[in-house]
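A structural walkthrough
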Amino acid sequence: MRLGFQQLDELLRGRKTAPPQLADGKVDLPLRMFVPLAIGLGAVYGFFMGWYAISGRSQPGYEQLIASTVKLPALFLLTLLVTFPSLYVFNALVGCRLSFTAMLRLLVGAITVDLAVAASLGPILGFFTLSTQSYAFMVILNVALLAVAGVVGLGFLLQTLRRLTAWVYWRPPVAEPADAAQPPMPSEPGPLEVVPGDYPRETLGAARSIFRIWVLIYALVGAQMGWLLRPFIGSPDMPFTWFRAREGNFFLALATQLKNLAEGR
């Protein structure tokens, strides 16, 4: 476990995706390490998500707590399973050097970053769970927190793809020391930081366009996958069930909850 957290720390600090580490299209993110990490981090957020079902109720819904803990990481892994082939093909079309396995490792790394951010927001979700009984508010809050985590995870993926596309042109910037007697401190770019270098920016245009298309696909599939796996929070007006009937869609349900929140329900 200690090694797993060490690997996660290196990923979050950008050491796993520094340009020299990506030479020749290699991605040092072992699946046997990061898949369990992603599952564990997703379970942490799922626990806080399901906490609403046991907070302030005469009959706590422990079944929902367990279901949310299990289904939240499943949501991300199943969405990856559905969308992975499209991203691999899209990036092959724009000249990405990643192999099938390396691309899978990179996407698992992006999901791990996503779920690490979500898990870090779990205590905030728990605080609001203890502060309100509004089901509509909790639904919208969860959507907002997961959206924030998703933006960070996709930002990590975009910057890593940019580095992989331009690694041939990358040269470490030469820093001028303020004091000749003291050499400049080495700096490592963070996973969301644009790495400076002498490479032509226009080479990244196609990769950026393809990435935007895939983000749209990923968002739509993820939203609908979440709808199929619902409930995650547990409505106080409905009995517990692992899955609900396939009716409606995520966006219609979100609009309904926004309306309920505006009406003070």
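Structure first, text after, so check above.
Quick look at the structure, then. Predicted, not measured: the structure shown is a model, and the values here were computed from it.

1. As for the overall build of the protein chain
Scanning the protein chain from terminus to terminus reveals 7 helices and 0 strands. Counting from the amino terminus, helix and strand elements in the protein chain follow one another as α-α-α-α-α-α-α. Here the protein chain holds 265 residues, and 44% of them are scored as buried. Partitioning the contacts of the protein chain with sequence separation of at least 6, the portion at a separation of at least 24 is 79%.

2. With respect to the packing of aromatic side chains
The final tally for this structure, using the stated rule, is 10 aromatic pairs. A ring pair is formed by Phe 84 and Tyr 88, whose centres lie 6.3 Å apart and whose planes are at 35°; its orientation type is tilted. Here Tyr 88 and Phe 84 lie together in helix α3 (residues 62-93), a separation of 4 residues that amounts to about one turn. In textbook terms, an aromatic cluster arises when at least three aromatic residues are bridged by ring pairs, as seen for Phe 47, Phe 48 and Trp 51. It is Lys 71 that lies over the ring of Phe 232; its NZ or CZ is 5.3 Å from the centre. Here the guanidinium or amino end of Arg 230 rests over the ring plane of Trp 227, the centre of that ring lying 3.7 Å away.

3. What about the nonpolar core?
Core analysis: the biggest nonpolar cluster contains 54 residues, and Leu 106 and Leu 157 have the highest contact counts within it. Those elements that place two or more of their residues in this core are α1 (2-12), α2 (31-50), α3, α4 (100-131), α5 (135-166) and α6 (205-229). For this core, the element with the highest residue contribution is α4, accounting for 15 residues. Residues contacting Leu 157, with those up to four places away along its chain left out, are Leu 87, Leu 106, Leu 107, Ala 110, Phe 211 and Trp 214.

What counts, and at which threshold
Residues numbered from 1 in each chain as written. Predicted model: local features only at pLDDT ≥ 70, side-chain atom pairs only at ≥ 80, totals over all residues. Heavy atoms only, no water. Helix = DSSP H or I, 4+ residues; strand = E, 2+ residues; numbered from the N terminus. Buried < 20%, exposed > 50% of the residue type's maximum accessible area, 1.4 Å probe, protein only. Contact = heavy atoms within 4.5 Å. Phe/Tyr/Trp six-rings, centres within 6.5 Å; stacked < 30°, edge-to-face > 60°. Lys NZ or Arg CZ within 6 Å of the ring centre and 35° of its normal. Core = buried A, V, L, I, M, F, W, Y, C linked by side-chain atoms within 4.5 Å.

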